[in-house]
Amino acid sequence: MADMPIDRIAKATPPSFARKIRGLSDRTIAWLFVAPTIFLLLAVNIFPLIWTINLSFTDFRANRPTREVEYIGLRNYERILTDGDIWLTMQATAHFLFWTIFLQVLIGFTLAWLINRKFKGNDLWTTLIVLPMMLSPAVVGNFWTFLYQPQIGLFNYGISFLTGIDPSSFQMIGDVALAPWAIVIVDTWMWTPFVMLICLAGLRSIPDYIYEAAEIDRASKWRQFWTITIPMVLPFLMLAILFRGIENFKMFDLVVQLTGGGPGSVTELTSINLKREAFEKWRTGYASAYAIILFVTVFGLASIYVKALNKVKER
Amino acid sequence: MSSYSITEPSVRQKWVAGSLVIAYAVITLLPLVWILTTGFKSPVDAIAYPPKVMFEPSLEGYVNLFTTRTRVSPEQLQALPPPATWYEEIVRNRDMVIAGPSRYGERFLNSVIIGFGSTFLSVFLGTLAAYAFSRFKVPLKDDLLFFILSTRMMPPIAVAIPIFLMFRTLGLSDTHLGMILLYTAVNISLAVWLLKGFIDEIPREYEEAALIDGYTRFQAFYKVVLPQAATGIASTAIFCLIFSWNEYAFAVLLTSGTAQTAPPFIPTIIGVGGQDWPAVAAGATLFLVPVMVFTILLRKHLLRGITFGAVRK
């Protein structure tokens, strides 16, 4: 832009003054810009949430909308918290959460650490490794039931190739003992790249000079790993665990397609159990109370966790 | 960084690390390769033991994906005029005739309409909100931003109960509009958080200069900020699109006939005695390949997208 006298005058004018004198005020624009988003979220998130809270105190059934609705106080909550089946569901969810996060952190961190050795072509391989997590869990989960088929399935064949076990002797999704592991394996296959990417960002954020200083101080590689690498990556790792924790607590699509909660109910995670109550048994009031309990649990755990995360970051 | 750096891994280290990562990549990509190849297998090859790596490619899976077929007796088959097209011939070889198109095309189109519709809306609304959060003093800004994020913590099934009732009352059940609005509401949290990050990175001086040059605030937003944020907007749009594209829980609960998207449909593709795996694989291939292409295009912004902008690198 040419440096005309008029421009110099304009540049010298305080921006707040310039803003005030023309067009819509910033305040109006701010509201105009934010309002539609807030309105949409109120309509599609908050209003339904309040409705759910309301329903949770009733015996409403959505498949009988004309039936008279009775307010039954906290009875739905009482029933849920004393229901043994729900505790089994919680156990299945805990098993799934623990092992998926454990394996994803272990494999994801190792991969990130290896990729950070900066070998030739590491970008290309990173992109390829990431592919599974971007795909539709329902579609991919459905296809995994094919891979898990005894004898003809690629997974069973691979295991038999490596170990010599007869590929038709075990059923990953039909066996009560193996099904919980079948869902852990597919979730780990799908989401390890997520943990890997975050760890990689953490590793790349460590400046070289820290290692150089450690090298000059003759710190062993092992010691460098435990006193530099791990503490510096920890906040990233914790963030990855938070995301995976929330996502897997909500897990529905992948597992519903893989096992549908079976055999029996050994892989019936909370979301699947909730779906059964709400949309198969049509106990809408009961399911609403269930949903609220889940929401409070996730929200509470996530808040505690975020506090811990911030403490780690401050250090 | 100089190549003499004492922190640079040795050639041997690189070699070992590279081979391990490539080995993992090959194993982890096998299921995807299997989807691609199964789509081109004949039903017999698809369920062969041991699993077939080499096979004679066949388009039967794709033909079955797009058609519905009925079995006819050999006598009826003899009486028919010879097949006019290559796909009719494939079907006739199985003692069947084509009865009509399958619903896959429709479901795919629904995914496209709902995906693009909700992506456009969430990016449009998200850009406006993100700009306001980035540049202005919005009262309760942090609370509002956290509220926007917290809407993502709810399991979809939990939200689905009242939404199911609400849609039924409003006549939005099983409609494109209903699904577009719903996916927009889910995506908008991601859009606002990501776009706020992108807009925060554009120096305020650009707009201030434009304002001084006589632009109104709105013009400055439109003519200065938007072009600067174009890459960010594009990658946010792809993330929203991928989410809507992959979404299953709401789709399976709230749609059935007219507005059903592809993810609930593909697992229901059945043939004789169970799932028709070549057809399922063909349907999955067509559905997954666009996302793979987008992922490769997005690779620079991937981390940011999947962490809601928390990690920017």
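Residues numbered from 1 in each chain as written. Chains lettered and ligands numbered in written order. Predicted model: local features only at pLDDT ≥ 70, side-chain atom pairs only at ≥ 80, totals over all residues.

*Asks:* In this structure, what is going on with the overall build of chain B? I would like to understand it.
*Replies:* For chain B, the helix and strand inventory stands at 16 helices and four strands. Over its C-alpha atoms chain B spans a radius of gyration of 25 Å, topping by over 25% the 20 Å that the globule rule assigns to 313 residues. Considering only C-alpha atoms, chain B reaches an extent of 85 × 65 × 40 Å along its principal axes. Expressed as a percentage of the 313 residues in chain B, the buried residues total 46%. (Helix = DSSP H or I, 4+ residues; strand = E, 2+ residues; numbered from the N terminus. Rg over C-alpha atoms; globule rule 2.2 N^0.38 Å. Buried ≥ 20, exposed ≤ 12 C-beta atoms within 10 Å, placed from the backbone.)

*Asks:* I keep staring at the overall build of chain A and nothing clicks. Help me out?
*Replies:* Helix and strand content of chain A: 14 helices and zero strands. What you see in chain A, going N to C, is helices and strands ordered as α-α-α-α-α-α-α-α-α-α-α-α-α-α. Along the three orthogonal principal directions, the C-alpha set of chain A runs to about 85 × 65 × 35 Å. Taken over 315 residues, chain A has a buried fraction of 39%. Within chain A, residue pairs in contact and separated by at least 24 positions form 69% of the contacts whose partners lie at least 6 positions apart. (Contact = placed C-beta atoms within 7 Å.)

*Asks:* Is there a simple way to think about the interface of chain A and chain B in this case?
*Replies:* For interface size, the figure often reported is the accessible area lost on association. Contacts between the two partners involve 85 residues from chain A and, on the opposite side, 90 residues from chain B. The greatest single-element share of the side of chain A that touches chain B, amounting to 15 residues, is contributed by helix H3 (residues 26–55) of chain A.

*Asks:* In this structure, what is going on with the domain arrangement of chain B? I would like to understand it.
*Replies:* Along its sequence, chain B is carved into domain 1 (60–103) and domain 2 (105–268). The distance between the C-alpha centroids of domain 1 of chain B and domain 2 of chain B comes to 43 Å. (Domains from an automatic or database assignment.)

*Asks:* So what exactly am I meant to see when it comes to the confidence of the model for chain A here?
*Replies:* Residues shown with low pLDDT carry predicted positions that ought not to be read at fine detail. Taken residue by residue, chain A gives an average pLDDT of 87. The fraction at 70 or more is 92%. Segment residues 1–6 of chain A: pLDDT under 50, and two contacts once partners within four positions in sequence are set aside and those in other chains are kept. (pLDDT = per-residue confidence, 0-100.)

*Asks:* Quick question: what am I supposed to make of the domain arrangement of chain A here?
*Replies:* Each assigned domain of chain A is listed with its residue range as follows: domain 1 (5–44) and domain 2 (78–314). Relative placement of domain 1 of chain A and domain 2 of chain A: their C-alpha centres are 44 Å apart.

*Asks:* What exactly am I supposed to notice about the nonpolar core here?
*Replies:* Across soluble globular proteins, nonpolar side chains show a tendency to be buried alongside one another. Grouped together as the largest cluster of nonpolar side chains are 161 residues, with contacts concentrated most on Phe-143, Leu-197, Ile-198 and Cys-199 of chain A. Those residues in contact with Leu-197 of chain A that sit more than four places away from it in its chain are Val-130 of chain A together with Leu-302, Leu-303 and Ile-306 of chain B. (Core = buried A, V, L, I, M, F, W, Y, C linked by C-beta atoms within 7 Å.)

*Asks:* Would you explain the packing of helix H13 (residues 270–279) of chain A against helix H14 (residues 284–314) of chain A in this entry?
*Replies:* The relative placement of two packed helices comes down to the angle between their axes together with the axis-to-axis distance. Residue and element names in this part refer to chain A. Between H13 and H14, whose axes approach to 8 Å, the crossing angle comes to 160°. In terms of orientation, H13 and H14 fall into the roughly antiparallel class. The handedness of the crossing between H13 and H14 is left-handed. Of the residues in H14, those touching H13 at Thr-270, Leu-274, Glu-277 and Ala-278 are Thr-284, Tyr-286, Ala-287, Tyr-290, Ala-291 and Leu-294. (Axes fitted to C-alpha atoms, helices over the stretch in contact; angles between N-to-C directions. Parallel < 35°, antiparallel > 145°, perpendicular 65-115°, else oblique. Left-handed = near helix turned anticlockwise from the far one by under 90°.)

*Asks:* Looking at this model, I keep getting lost on unusual backbone geometry. Mind explaining?
*Replies:* Note on backbone geometry: most residues besides glycine have negative phi, and most peptide bonds are trans. For the bond from Gly-262 of chain A to Pro-263 of chain A, the omega torsion is -5°, close enough to zero to count as cis. The residue Pro-263 of chain A is located in the loop between helix H12 (253–258) and H13 in this model. The step from Tyr-49 of chain B to Pro-50 of chain B runs through a cis peptide bond, and the omega angle for that step is -5°. Inspection of the secondary structure puts Pro-50 of chain B in the loop between helix H2 (43–46) and helix H3 (60–66). The phi angle at Lys-118 of chain A is positive, at roughly 55°, despite the residue not being glycine.

*Asks:* Would you mind showing me how to read the pairing of strand S2 (residues 96–101) of chain B here?
*Replies:* On a regular strand, one side chain projects to one face of the sheet and the next to the other, so that they alternate. All names here are of chain B. Counting buried positions along S2 gives zero out of six residues, so the element sits mostly on the surface. Pairing geometry for strand S1 (residues 67–71) and S2, over five bridges, is antiparallel. Residue pairing for S2: Arg-69 is matched across the bridge by Ile-98. (Pairing = 2+ DSSP bridges.)

*Asks:* How should I be thinking about helix H15 (residues 277–298) of chain B in this particular structure?
*Replies:* Quick reminder: α-helices carry 3.6 residues per turn. Residues three or four places apart thus point the same way. Between its first and last C-alpha atoms H15 of chain B spans 31 Å; for 22 residues at 1.5 Å apiece the expected length is 32 Å, and the two agree. Along its length, H15 of chain B shows its largest kink, about 30°, at Leu-288 of chain B, and proline Pro-290 of chain B lies within four residues downstream of that point. (Expected span 1.5 Å × (residues − 1). Bend = angle between axes of the 7 residues up to and from the residue.)

*Asks:* How do you make sense of helix H8 (residues 156–170) of chain B when you look at a structure like this?
*Replies:* If you check H8 of chain B, its first and last C-alpha atoms are 20 Å apart, about what 15 residues at 1.5 Å a residue would give, namely 21 Å. Within the span of H8 of chain B, buried status applies to Pro-156, Ile-157, Ala-158, Val-159, Ala-160, Ile-161, Pro-162, Ile-163 and Phe-167 of chain B. Those residues of H8 of chain B that are buried lie in contact with H3, H13 and H14 of chain A together with helix H9 (176–200) and helix H13 (249–254) of chain B.

*Asks:* Quick question: what am I supposed to make of the confidence of the model for chain B here?
*Replies:* Residues and elements named next belong to chain B. Summarising the model, chain B shows a mean pLDDT of 88, and 97% of its residues fall at 70 or more. Looking over chain B, one finds the lowest element-wise mean pLDDT in helix H7 (residues 141–150), namely 76, and the highest in helix H6 (residues 104–135), namely 94. Scoring of the predicted complex yields 0.88 for pTM and 0.89 for ipTM.

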